[in-house]
Amino acid sequence: MNKPMRRVAIFCGLLMLALLLRVNWVQFVQATELQTDPNNRRVAIERYAHPRGDIIVEGTAITGSEETDGTDFRYKRTYTDGEMWAPVTGFASQVFGTTQLESIYDSILTGDDDRLFFSRTIDMLTGKDKQGGSVVTTLNEAAQRAAWEGLEGKKGAVAAIDPTTGAILALVSAPSYDPSTFAGGSSADGEAWAGLQQENNEDAPMLNRALRETYPPGSTFKVLTAAAALENGLLNDVDESTDYPEPYVLPDTAGVELGNQIVGRCEDASIRIALMDSCNTVFAGLSADIGNEGMIEAAESFGFNEEVFVPVRAAASVYPEDNRPQNAMAGIGQASNRATPLQMAMVTAAIANDGKLMEPYMVDRLVAPNLNVVEQHRPSEMSRPLSPENAQALQSAMESVVEEGTGQNARIDGVRVGGKTGTAQHGEDNENLPYAWFISYAVPEDGGTPVAVAVVVEDGSAERDRISGGGLAAPIAKAVMEAVVSGG
Amino acid sequence: MSSTRTPTGAPGAVPGTDPVTGNTTVGALAPPSRRNTELAMLVFAVLIPVLAMANIGLAKDGSLPPGMLGYGAGLAAIAGIAHLVVRRFAPYADPLMLPIATLLNGLGLVLIWRLDLEPTITTARLGGAMAPNQLIWSAVGVLLFLGVLILLKDHRILQRYTYISMVVALILLISPLFFGEVNGARIWVTIPGVGSLQPGEFAKIVIAVFFAGYLMVKRDALALASRRFMGMYLPRGRDLGPILLVWALSLMILVFETDLGMSLLFFGIFVVMLYVATERTSWIVFGLLLSVSGAVAVASFNSHVGHRVDNWLNPLSLGANGGVTETAQAMYAFGSGGLLGSGLGQGYSRLIGGIATKSDYILATVGEELGLVGLMAVLLLYGLLIQRGLRTALAARDPFGKLLAVGLSGVFALQVFVVAGGVTALIPLTGMTMPFLAQGGSSVIANWALVALLLRISDTARRPAPEPAAGIDAEQTQVVRT
């Protein structure tokens, strides 16, 4: 009986060997994969086991961590002025994951980033609790607050950029949400989250309007058309008269006429006059003469038709291929072209920065717990949509808009301010309330921080007649610009 | 008879070759009993769980757990008594089995105690803390172990109860049918005031006794009086009849109780013992055919089993309700343990949820908190125990002892494989408990009895043969290998 018994022993040995191989496979070969599997709750447990690093604005943390008595997660994310900063920070929720800066720099904030290996090892050796690094943003608190307060009770968004560097100074979306309300894992957090979802809340508070929503740009797009006309040599100067009748008949149509808001001053008007009085006829004509291809090229040089990463993703603004009448309408921002508030701020910034478009960014540097700088952003040029001469000419025209045109509400004493209003119609047959736009820049004479800002107000509560770029949006833009230039 | 003999070369005789080989020439010197080896090993077997407990206390609260000394003393007392009884009643028994069983049982208790510290899986609805009861069950198990060693002077006595064993095994297997279903399987017998028992755990031992007794008598008939059929030697119906009957009955019961693991165990033990008894390879083919057809039948009968197979094929896929399945949670626990583990008390195997964390999935806690290293060590302990059992089978001098030892070791090996393979998703999961380690009274009691039987056989095997009557023949007596 011993021979078969030896074989049985070998068989049992093989069974044990199979087990040993299997556990090696699971715990060694597959280990990393299993450890980082998103369904592995340990990932979230570890993320909240230590206080998270902070997101910093002007030296002050706008985020925090508080200890909770939950079963799995020790720390919970907190936010100061969460609603105001939500479009910047995104959220870090124990249950609902992370977005935006909280998501992009998650490894820095948790301290798990490879670049923090050294400081992590030192902490481990000295017995200190693991610490996260911090994310230092470019935002300007006063500007952000001015924008947030300006949009109070309204729907809309503000984006403000330093034209010389591309640093984002304000990024506001209203209505907003407070990420603190669903940072934890309680049922109250779950209800708060559910209440913010689009299907339960038609105001879409979690939509980042400044980066992710594209609007018809309306008359603010006229500055881009003007820039394209100058760059294409259609006109040599902003004061050269054009040759467009009032009303203007759209090309390739059987006499579809386009009129103006202010009648009688737009015929053959120069760019300066046309911007001041927001002449539809002139810019529709210019756009038609530049042609669809030329307009797309110009729009793309300002950043259209491409997603922008600041590093949070911003939706691509679009200037599509279209037929001639539609292209003419697109020249006044009333066709299939759409733009994010950030995009219009970039257009303004490029003009204000003498034709040089800087890459927009909102994270200046990443800092390790020991205050070493892990990564430093260097401003970089994105494109040159127009020559310095044309840019300066356009600046003087936009300044005329603020001095004596539709944008007078944005005037600031002692500061060079240029702007353009816009009232974008939308909906079938213009049945919805229009969007009020205002884009502007401010360059302080004393050499302080310049700023380019785009404001859009989609206000359902205001009366139809009162919605206009100059009336609703310009005061908000002015407050933001004042906050930047006075804070210098 | 020779239990009064004092071991001669005990101290210091630890190194050297194992005296029990195939052929033993009985000389003047008796082989070492290795009882002191056992004692030394037992010290480790008690110390390791106590240190593990200290480790958990420090990791969880930063202080030594208050019950540690009492627990250590209790475990030491149990081990000490068991050792003394072995020294007295089975002096030549294998020296490693008791320490390994003690260590595994001790580790199991510590792990259950550690999981009891997790409030989410120790709610009143889930039965509260399990460690105190498990300690009582372990003590009962050791008592049964002592009882077997003291009362059963010779394992061959069991041979007399061959057919009674058959009846007992069948009754044990049938009994759960009269009780309710738990977790999709009908394997429990509830005795009011005592708790639930899993008769299958005991049946596996009893059926090994039956197979051993029956096959010892019939092995020649089964092996030689056969007809050739399709190139295979088939035994006569009257020789095979009873064994097939038992197999078919147990299979049927298992189908209705849907206890896939236990049926696998019975098929396995059936094939192994038949093969060892008859020494015919064709039996493996025959047995495997029977087993596979049985398994396929069970799988197609029952959605519970089909579901388990799905889980095995896609261990990480989400459950029907969108949640993470137990199988996936166990995989995450193993993976997160990595090479060295999180350290005792610092893992999250509680995420598996429910009482299964402490019973079926206890290896996941080992894997996560002690790492690949710790898990392999535990598996090797099982391997060593199995190896000692098979060694006993080889060394046993009587066919019944051989068959019984190989059956018990084989069933133990299969159980370890089926459970460990199941929780690591090597094979589909079948609800069974890891011997000694997992929470569950029946399992720990039955396995202590199993180890006692193996120790009894090994004692007989390793005991020096009675002195040849001094007389005319001065030549040494040759013990014939069987």
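Basis of the calculations
Residues numbered from 1 in each chain as written. Chains lettered and ligands numbered in written order. Predicted model: local features only at pLDDT ≥ 70, side-chain atom pairs only at ≥ 80, totals over all residues. Heavy atoms only, no water. Helix = DSSP H or I, 4+ residues; strand = E, 2+ residues; numbered from the N terminus. Contact = heavy atoms within 4.5 Å. Areas by Shrake-Rupley, 256 points an atom, 1.4 Å probe, with all protein chains shown as cover. Lys, Arg positive; Asp, Glu negative; His and termini not counted. Charge placed at Lys NZ, Arg CZ, Asp CG, Glu CD. Buried area = accessible area lost by both parts, 1.4 Å probe. Salt bridge = Lys/Arg side-chain N within 4 Å of Asp/Glu carboxyl O. Polar contact = N/O pair within 3.5 Å; in protein donor to acceptor, adjacent residues only side chain to side chain. 1 Å grid on protein atoms, 1.4 Å probe; cavity = no way out; pocket = protein on both sides within 12 Å on 5 of 7 lines; lining within 4 Å. Points joined across faces, edges and corners; volume = space filled by probe spheres on them. Expected span 1.5 Å × (residues − 1). Buried < 20%, exposed > 50% of the residue type's maximum accessible area, 1.4 Å probe, protein only.

Time to look at the overall build of chain A. Along its length, chain A carries 17 helices and 20 strands. Expressed along its principal axes, the backbone C-alpha trace of chain A runs to roughly 115 × 50 × 40 Å. In chain A, of all internal contacts separated by at least 6 residues, the share reaching a separation of at least 24 is 66%. Total accessible area computed for chain A in this model is approximately 19,700 Å², and 46% of it derives from carbon and sulfur atoms. The distance from the centre of the 36 positive side-chain charges to the centre of the 68 negative ones in chain A is 12 Å.

This next bit is on the interface of chain A and chain B. How big an interface is tends to be stated in terms of the accessible area lost upon association of its parts. Chain A puts 32 residues into the contact, and the matching count from chain B is 54 residues. Between chain A and chain B, roughly 3,800 Å² of surface is buried when both sides are summed, and carbon and sulfur atoms account for 72% of that area. Together, Met1, Gln27 and Arg42 of chain A form the three largest contributors to the area buried by chain A at its contact with chain B, with a combined 22%. The tally of links from chain A across to chain B stands at two salt bridges. Glu368 of chain B is the salt-bridge partner of Arg42 of chain A, the closest N and O atoms lying 2.8 Å from each other. Inspection of the region where chain A meets chain B yields 13 residue pairs in polar contact (both at pLDDT 80 or more). Elements that contribute at least two residues to the side of chain A that touches chain B include exactly helix 1 (2–29), helix 2 (31–36) and helix 3 (41–47) of chain A. In terms of residues, the side of chain A that touches chain B owes the most to one element, helix 1 of chain A, which gives 19 residues.

To continue, consider the layout of surface pockets. Roughly 1,200 Å³ of volume is contained in the second largest pocket. As for the second largest pocket, its lining consists of 34 residues, and the residues nearest its centre are Ile45, Glu46 and Ala49 of chain A together with Gln346 and Tyr348 of chain B. Secondary structure elements with two or more residues in the lining of the second largest pocket: helix 2, helix 3 and helix 6 (106–110) of chain A together with helix 1 (35–61) and helix 11 (326–337) of chain B. Broken down by element, the lining of the second largest pocket gets its largest block of residues, five residues, from helix 3 of chain A.

It is worth spelling out helix 17 (residues 469–487) of chain A at this point. All names here are of chain A. Relative to the 27 Å expected for 19 residues at 1.5 Å per residue, helix 17 spans 25 Å between its end C-alpha atoms, a close match to the ideal helical length. All of the buried residues in helix 17 are Gly469, Gly470, Leu472, Ala473, Ala474, Ile476, Ala477, Val480, Met481, Ala483, Val484 and Val485. On its buried face, helix 17 sits against helix 8 (141–150), strand 8 (156–161), strand 9 (168–174), strand 18 (415–424), strand 19 (435–444) and strand 20 (451–457).

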